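The lines below spell out each chain.
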Amino acid sequence: MTKLAGKVALVTGGSRGIGAAIAKRLAREGAAVALTYVNRKDKADAVVRDIEAADGRALAILADSGDVEAVRAAVAETVRAFGRLDILVNNAGVGRFAPIEEFSVEEFDRLVAINVRGVFVAVKEAVAHMGEGGRVITIGSVNADRMPTLGGGLYAMTKAAVAGLTRGLARDLGPRGITVNNVQPGPVDTDLNPANTAFAAELRKLMALPRYGTGDEIAAMVAYLAGPEAGFVTGASLTIDGGYAA
Ligand code: NDP
């Protein structure tokens, strides 16, 4: 698997969960991978070690996606370390589920800063370095299209925002040969959404395939979008959800 040989990728939130699986998969495909983290340096370093143990190249960067300057610096550090940038994966994201009465304006701002503004800033910085064949891939959520549980309105709003941003940016960047896509997972077993809770049992009842997905399954779709075979896919929101939205 070397379809990304010679490419450089930046994966935000690559220390755990879906982002860690994406970072490792892109590295297996031959890309040099920079990954950001905000809390878990230990986990980010472990992902780097895993990649290096398989003869890949990787770099962990502390960068809070809610901090504009940190996101800018992460893109610059990636280019400084690996000499170019071909693939941006906007994976970092947070979820807070609460009734609107309990949702503060500060929490709204923080959710939007990470899940939406962080994506905007990363794309703006990254595409300045991308040429023909560049790839922007955002991890949205099936919750952009379906939100069957209570308290998820604000989270769903952020994921619908990146779906819209994806459509518009595909138009802006298409003439430069850069594709822009949005991957919308359903329930995936991570620290954010563990598969062994009562909430998870309720979600499984909503699915055509009554099981949680894995980070590796999401990473496989991202690897496809990052590769040359997906050159005609752009502006799309691709749902990978075990039939949660079916
Ligand atoms: P996890 O909570 O398991 O992992 C989150 C990752 O993002 C960690 O690497 C974490 O870093 C990083 N991160 C969190 N906040 C920030 C921040 N402010 N700046 C930079 N990095 C940050 O989440 P998942 O893997 O489950 O989710 C990844 C993405 O997938 C998110 O966008 C989420 O909304 C989306 N998603 C998840 C689904 C699921 O069921 N799990 C379903 C649909 C979408 P650190 O380790 O340093 O804390």
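Numbering of residues starts from 1 in every chain and runs along the sequence as written. This being a predicted model, a pLDDT of at least 70 is required before a residue's local features are given, and a value of 80 or more before pairs of side-chain atoms are given or counted; all residues contribute to the totals for chains, interfaces and linings. Side-chain measures here rest on the full set of heavy atoms in the structure, leaving out hydrogens and waters.

**Here's the deal with the side chain of Ser15**
Keep this limit in mind: Working definition: helices are DSSP H or I runs of at least four residues, strands are E runs of at least two. Numbering for both runs from the N terminus. Whether a residue is buried, partly exposed or exposed follows from its accessible area with a 1.4 Å probe, protein chains only, as a fraction of its type maximum: under 20%, in between, or over 50%, in that order. Pairs of residues are marked as contacts when any of their non-hydrogen atoms sit within 4.5 Å.
Of note, Ser15 is situated in the loop between strand E1 (8-11) and helix H1 (17-28). Using a relative accessible area of 10% as the deciding quantity, one classes Ser15 as buried. Discounting residues that sit within four places of it in the chain, Ser15 has contacts with Ala20, Leu35, Thr36, Tyr37, Arg40, Lys43, Ala44 and Val47.

**Some remarks on the environment of Ala246**
Here Ala246 lies in the segment after strand E7 (237-240). Under the relative-accessibility criterion, Ala246 is labelled exposed at 90%. C-alpha separation for the pair Ala246 and Leu206, spaced 40 residues apart in sequence, amounts to 9.1 Å.

**Side note on the environment of Gly13**
By secondary structure assignment, the location of Gly13 is in the loop between E1 and H1. In this structure, the C-alpha to C-alpha distance between Gly13 and Gly134, residues 121 residues apart in sequence, is 20 Å. Apart from the residues within four sequence positions on either side, Gly13 is in contact with Gly19, Ala20, Thr36, Asn91 and Ala92.

**Here we look at the packing of H1 against helix H7 (residues 215-226)**
Heads up, the condition is: Structural elements are reduced to axes, namely lines fitted to C-alpha atoms, with helices fitted over the stretch in contact, and the angle between N-to-C directions of any two is expressed from 0 to 180 degrees. Throughout this description, any angle smaller than 35 degrees is read as roughly parallel, any larger than 145 degrees as roughly antiparallel, any in the 65 to 115 degree range as roughly perpendicular, and the remainder as oblique. Two helices crossing with the near one rotated counterclockwise from the far one by less than a right angle form a left-handed crossing, whereas a clockwise rotation gives a right-handed crossing. For this classification, Asp, Glu, Lys and Arg are treated as charged, while Ala, Val, Leu, Ile, Met, Phe, Trp, Tyr, Cys and Pro are nonpolar and the rest, including Gly, are polar.
Look at H1 against H7: their axes get within 8 Å of each other, and the N-to-C directions meet at 50°. Viewed along their axes, H1 and H7 adopt a mutual orientation that is oblique. For the element pair H1 and H7, the recorded crossing hand is right-handed. On H7, the residues touching Ile18, Ala21, Ile22, Arg25 and Leu26 of H1 are Gly215, Asp216, Ile218, Ala219, Ala220, Val222, Ala223 and Ala226. In the contact of H1 with H7, the residues fall into ten nonpolar, one polar and two charged.

**Examining the site of the ligand**
Defined as follows: The rule for a residue being near a molecule or strand is that one of its heavy atoms must lie within 4 Å of it. In the analysis that follows, any N or O atom pair within 3.5 Å is treated as a polar contact, provided that within protein one partner can donate a hydrogen and the other can accept it, and provided that, for residues neighboring in sequence, both atoms belong to side chains. Accessible surface area values rest on a Shrake-Rupley calculation with a 1.4 Å probe, where residue burial reflects the displayed protein chains alone. Cavity and pocket criteria rest on a 1 Å grid covering protein atoms alone: a 1.4 Å probe that fits but cannot get out defines a cavity, protein on both sides within 12 Å along at least 5 of 7 lines defines an open pocket, and an atom within 4 Å of a point defines a lining residue. Just a note on the criterion: a molecule sits in a pocket or cavity if more than half of its atoms are within 2 Å of the grid points.
Neighbouring the ligand are 32 residues; Ser15, Arg16, Asn39, Tyr155 and Thr190 lie closest to it. Between the ligand and the protein, one listed contact pairs an oxygen atom with a side-chain N or O atom of Arg16 at 2.7 Å. Look at the ligand: alone it shows 900 Å² of surface, and the protein chains cover 96% of it. When atoms are counted within 2 Å of each cavity's grid points, the one that captures over half of the ligand is the largest pocket. Secondary structure elements with two or more residues in the shell around the ligand: H1, helix H4 (105-126) and helix H5 (153-173). Here the shell around the ligand is composed, by residue class, of 13 nonpolar, 13 polar and six charged.

**Some details on the sheet that holds strand E4 (residues 87-90)**
Inclusion rule: Two strands pair if DSSP finds at least two bridges between them.
Across the sheet, seven strands lie side by side as E3-E2-E1-E4-E5-E6-E7; this open sheet has parallel pairing. The sheet is open, and its two edges are formed by strand E3 (58-62) and E7, each paired on a single side. Neighbouring strand axes in the sheet, compared pairwise and without regard to direction, differ in orientation by 20° on average. Sheet topology note: the strand E2 (residues 32-37)/E3 ladder contains five bridges and is parallel. Bridge pairing links Ala34 to Leu59 in E3. The strands touched by H5 are strand E5 (135-139), strand E6 (179-185) and E7; relative to E6, the strand with the most contacts, the crossing angle is about 160°.

**Details of the packing of helix H3 (residues 68-82) against H4**
Contact geometry of H3 with H4 gives a least axis separation of 9 Å together with a crossing angle of 35°. The way H3 lies across H4 gives a crossing that is right-handed. On H4, the residues touching Val68, Val71, Arg72 and Val75 of H3 are Arg117, Gly118, Val121, Ala122, Glu125 and Ala126. Residues that form the contact of H3 with H4 fall into these classes: six nonpolar, one polar and three charged.

**Remarks on the nonpolar core**
Operational definition: To form a nonpolar core, buried Ala, Val, Leu, Ile, Met, Phe, Trp, Tyr and Cys residues must be joined to one another through side-chain atoms within 4.5 Å.
Counting residues in hydrophobic clusters, the biggest one holds 35 residues, and the most contacted among them are Ile22, Leu26, Val33, Ile87, Val89, Val183 and Val222. Taken together, the elements giving at least two residues each to this core come down to E1, H1, E2, helix H2 (41-53), E4, E5 and H7. In this structure, Ala70, Val71, Val123 and Leu173 belong to the second largest nonpolar core, which totals 28 residues.

**Let's talk about the pattern of salt bridges**
Side-chain pairs of opposite charge can arise whenever the charged atoms involved come near each other. The criterion, for reference: We define a salt bridge as a contact between a side-chain nitrogen of Lys or Arg and a carboxyl oxygen of Asp or Glu at a distance within 4 Å.
As enumerated under the stated definition, the model contains twelve salt bridges in all. Here the salt bridges share partners, and the residues they tie into one network are Glu69, Arg72 and Glu125.

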